[in-house]
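Chain by chain, the residues run as shown.
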Amino acid sequence: MATIREHLLHIHGLPIIHSESYVCGLPPKHRFQMGKFRGVFNRLVRDKVIEPRQQVLEPSQISKELAGLAHSKEYVDRFFSGDTSADEQRRTGFKWTHGLCSRVRFECGGTLLAAMVCLERGLAASTGGGTHHAGPDYGSGYCLLNDLSITSSVLLSLGLVRRVLIVDLDVHQGDGTALMFNNNPSVFTFSMHCQSNFPFRKQPSDLDIGLADHVGDAEYLSTLEDALPSLLDQVRPDLVLYDAGVDPHVDDDLGKLDLTDDGLYQRDEYVLGTCVRRGVPVCSVIGGGYHKDLDILSARHSIVHRAATKVWARK
């Protein structure tokens, strides 16, 4: 943590964790918008939401050893070396490349850095992360390594936290995270998602709230506000990892819920603000979001950073 404190000496304002290495090449017309990670950052800079020289920290790649605290050693070895099978790769939605492996390692490193920074500053936000479908020995649904699970496992192993609460508001259930921490009292997994959506075989989280199709802003926010305060009282976490997926949006290509931009903003401000007011360190990752227009998607993913900036200003 001493090294983290040294890096934070030049950081003023909300800490933003970003790397251009979050991006790698994909085949043309691939459904996953890889450019969104760069697009989020550029939109935040263009709109003067962040000042890069004063707010941005760059992560390093996650190591095999740290990834292996959450995933099986065999899977980590196969993934890092490119030895996953064609069927395994098909399940992830990606064909393995050196570039893909590299970006995944940077993204996981970014979530870990964001969590360590928020333990010092109370709040931090990455421009990537939220790979909650990856399980102990497999990748799935555009998720190769589970950054939320790796981050939780590393911080617990270092003794920097005793209890972690994962608040997963992606439209898809965080099945990989739930499986990895099944019966682990040190990590409480909370997923609020569209019940009829992927994954169709869900893993039990510590708390699952499965919403009906086409739930809109008012019902969604009311349900969240009923759940989060009591969870914080019950779990008493040392850290909250917040997956702020934007795929609950009404215009998301894979969503099935009906949230608006304003609904997402209210959601993010509520989660982050509630944690900060209670003195619980919280960091956000961007989670899932799917739209053919990269500019629209990038702007939508930047909502959580705008909400975090407002929460930071009130600290």
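As shown above, the structure is provided for reference.
Sequence order as written defines the numbering, with residues in each chain counted from 1. Reporting in this predicted model follows two pLDDT cut-offs: at least 70 for local features of residues, and 80 or more for side-chain atom pairs to be given and counted; totals over whole chains, interfaces and linings ignore these cut-offs and use all residues. With hydrogens and water excluded, all non-hydrogen atoms of the structure serve as input to the side-chain values.

Draft legend 1. Summary view of the overall build of the chain. When helices and strands are tallied, the chain shows 13 helices and 8 strands. Residue contacts are counted whenever heavy atoms from the two residues lie within 4.5 Å of one another. Contacts in the chain between residues far apart in sequence, at least 24 positions, make up 75% of those at least 6 positions apart. Per-residue and other accessible areas were derived by the Shrake-Rupley procedure at a 1.4 Å probe size, with only the shown protein chains allowed to occlude residues. Surface accessibility of the chain: about 12700 Å² in total, with carbon and sulfur atoms responsible for 50%. Charged residues are defined narrowly, with Lys and Arg counted positive, Asp and Glu counted negative, and His plus the chain ends left uncounted. Note on charges: their place is set at NZ of Lys, CZ of Arg, CG of Asp or CD of Glu. Treating the 33 positive side-chain charges of the chain as one cloud and the 39 negative ones as another, the clouds have centres 3 Å apart. Numbered from the N terminus, helices here are DSSP runs of H or I no shorter than four residues, and strands are runs of E no shorter than two.

Draft legend 2. Representation of the side chain of Arg 43 within the structure. Looking at the secondary structure, you find Arg 43 in helix α2 (residues 36-46). When accessible area is computed with a 1.4 Å probe and restricted to protein chains, residues below 20% of their type maximum are described as buried, those above 50% as exposed, and intermediate ones as partly exposed. Salt bridge, as used here: a side-chain nitrogen of Lys or Arg that lies within 4 Å of a carboxyl oxygen of Asp or Glu. As a buried residue without a salt bridge, Arg 43 has its nearest oppositely charged side chain in Asp 47, at a separation of 4.1 Å. For Arg 43, the contacting residues outside a window of four places in its chain are Asp 295, Ala 299, Ser 302 and Arg 306.

Draft legend 3. Just the packing of aromatic side chains, in detail. Ring pairs shown here join Phe, Tyr and Trp side chains whose ring centres sit within 6.5 Å, with only the six-membered ring taken for Trp; geometry is labelled stacked below 30 degrees between planes, edge-to-face above 60, and tilted in between. With the rule as written, the count across this model stands at 9 aromatic pairs. The interplanar angle of 80° and the centroid separation of 6.2 Å between the aromatic rings of Tyr 22 and Phe 37 together place this pair among those described as edge-to-face. Here Tyr 22 is found in the loop between β1 (16-17) and α2, whereas its partner Phe 37 is found in helix α2, with 15 residues between them in sequence. Accessibility expressed as a relative area gives 0% for Tyr 22, which makes it buried. Since its relative accessible area comes to 2%, Phe 37 is described here as buried. An aromatic cluster is built from Tyr 22, Phe 32, Phe 37, Phe 94, Tyr 142 and Tyr 290, whose rings are joined through pairwise contacts.

Draft legend 4. Expanded view of the pairing of strand β7 (residues 239-243). Within β7, 5 of the 5 residues are buried, which leaves it mostly tucked inside the rest of the structure. Both faces of β7 are covered, namely the face carrying Leu 239, Leu 241 and Asp 243 and the face carrying Val 240 and Tyr 242. Whether two strands pair comes down to DSSP finding at least two bridges between them. Of the strand pairs in this sheet, strand β4 (residues 164-168) and β7 are connected by 5 bridges, and their pairing is parallel. Of the residues in β7, the one forming a bridge with Asp 168 is Asp 243.

Draft legend 5. Local environment of unusual backbone geometry. Backbone torsion omega between Phe 198 and Pro 199 reads -5°, so that peptide bond is classified as cis. With respect to the element layout, Pro 199 can be found in the loop between β5 (187-194) and β6 (207-211). The backbone of Lys 29 shows a phi angle near 65°, a positive value even though the residue is not glycine. Its location among the elements puts Lys 29 in the loop between β1 and α2. At Lys 256, a residue that is not glycine, the phi angle is positive and equals roughly 85°.

Draft legend 6. Molecular detail of helix α7 (residues 98-121). Between the first and last C-alpha of α7 there are 34 Å, a value that for 24 residues agrees with the 34 Å anticipated at 1.5 Å per step. Where burial is concerned, most of α7 is hidden: 17 out of the 24 residues are buried. At the C-terminal side of α7, Gly 122 shows a positive phi close to 95°. Take the residue count of a helix, subtract one, and multiply by 1.5 Å to get its expected span.

Draft legend 7. Highlighting the pairing of β4. Burial analysis of β4 places 5 of its 5 residues in the buried class, the great majority of the element. Burial along β4 is two-sided: Val 164, Ile 166 and Asp 168 and Leu 165 and Val 167, pointing in opposite directions, are all buried. Think of it like this: strands point away, you trace from the first strand over the helix to the second, and a clockwise trace means the crossover is right-handed. For the segment spanning β4, helix α9 (residues 175-180) and β5, crossover handedness is right-handed.

Draft legend 8. Quick look at the side chain of Thr 274. Here Thr 274 shows up in helix α11 (residues 261-277). If near-sequence neighbours (up to four positions away) are discounted, Thr 274 is found in contact with Leu 228, Leu 232 and Glu 269.

Draft legend 9. Local environment of the environment of Arg 306. In this fold, Arg 306 is placed in helix α13 (residues 303-314). For the purposes of these results, a polar contact is taken to be a pair of N or O atoms within 3.5 Å, where, inside protein, one atom must be able to donate a hydrogen and its partner to accept one; residues adjacent in sequence count only when each atom of the pair is a side-chain atom. A distance of 2.9 Å separates polar atoms of two side chains, one belonging to Arg 306 and the other to Ser 302.

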